[in-house]
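Fold and contact review
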Amino acid sequence: TSTGWRHWRGGDGMEGLISPTNENLMWGTSQWGSIIRTTNGGLSTTSLNQPAPGPWTTPLAIAPNSNTIYGAWNGGIYRSTDLGNTWTQIFFSSVTALAIAPSNPQYIYASDGYLNIHVTKDGGMSWFTYLMPEGSRAPRSIAVSPLDPEKIWVIDNNNAASVSVSTDAGVSFTNITGSLPAIAGRSIVVDDNENESVYVGMNLGIFYKDNTMTDWMDISNGLPLVAINELEIQKSSSILRVATYGRGVWENGLYNVPPPCSAP
């Protein structure tokens, strides 16, 4: 808030969502998928019924420009169109990573914790399953191009991070790991610019690559040497926000993007 941090959710902090249409509407989870909602920026909260027991960290996602939310509790993906009061199951297998295409919310991508990528192009009516490339591990984080719903980047759950890109909604992949250090990757995000700026958070450090570059660049900029669990792009301020495991939240300007300036 304008006066600093507001504590609104106890327990081990897991996934959270902020409505893209209402900054005071938020959802937060703690371990095993327990979920609450606030409609007033955290001043008060309402506990919601989770549709099933969840994994330790239950994936959540929200459709662009709407308040339709998705959660991956045990046994499948569930969708709510009434702010989390009720849920409809749209996928019937456990999921460890979940992403929705910003340009077309009918495209939903999921990983089941094995070598499979699952994708729907019609909002969950039908699903396709594709195998990750040989030598990969289960996808840990999925980023969808803000401009092309069929282009995705995946970082897998390997002790030596492997990053792959697909331009055909998961049918085939190209490995772009390059010279990334041989440590685990945790999070991946993509900016909606013409260069397709990709940021990867790893067990140590943040790395950057865009389509004008042949390899990755370390942009950690003095971050503490701890795991980078989550990356988020705050577009209107041209900021990359970083959640670490044990050293709090950090931020820095997007790489090679000038900060927004006031109108003259």
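Residues numbered from 1 in each chain as written. Predicted model: local features only at pLDDT ≥ 70, side-chain atom pairs only at ≥ 80, totals over all residues. Heavy atoms only, no water.

**Examining the overall build of the protein chain**
The helix and strand tally for the protein chain stands at 0 helices and 23 strands. Against the 2.2 N^0.38 benchmark of 18 Å for 264 residues, the protein chain shows a C-alpha radius of gyration of 18 Å, consistent with a compact globule. Overall, the C-alpha framework of the protein chain stretches about 50 × 45 × 35 Å when taken along its three principal axes. At a minimum sequence separation of 6, the contacts of the protein chain that also span at least 24 residues come to 35%. (Helix = DSSP H or I, 4+ residues; strand = E, 2+ residues; numbered from the N terminus. Rg over C-alpha atoms; globule rule 2.2 N^0.38 Å. Contact = heavy atoms within 4.5 Å.)

**Concerning the packing of aromatic side chains**
Inspection of every chain in the model, using the stated rule, returns 6 aromatic pairs. Aromatic pair Trp 73 and Trp 87: ring centres 4.9 Å apart, planes at 70 degrees, arrangement edge-to-face. A residue pair is termed long-range when its members are at least 10 positions apart, and Trp 73 in the loop between β6 (69–71) and β7 (77–80) and Trp 87 in the loop between β7 and β8 (88–91) qualify at 14 residues. Exposure remark for Trp 87: the relative accessible area of 16% places this residue in the buried category. (Phe/Tyr/Trp six-rings, centres within 6.5 Å; stacked < 30°, edge-to-face > 60°. Buried < 20%, exposed > 50% of the residue type's maximum accessible area, 1.4 Å probe, protein only.)

**Overview of the environment of Asn 74**
Position of Asn 74 relative to the elements: it lies in the loop between β6 and β7. Separated by 55 residues in sequence, Asn 74 and Ser 19 place their C-alpha atoms 24 Å apart.

Nothing here speaks to function; it is geometry throughout.
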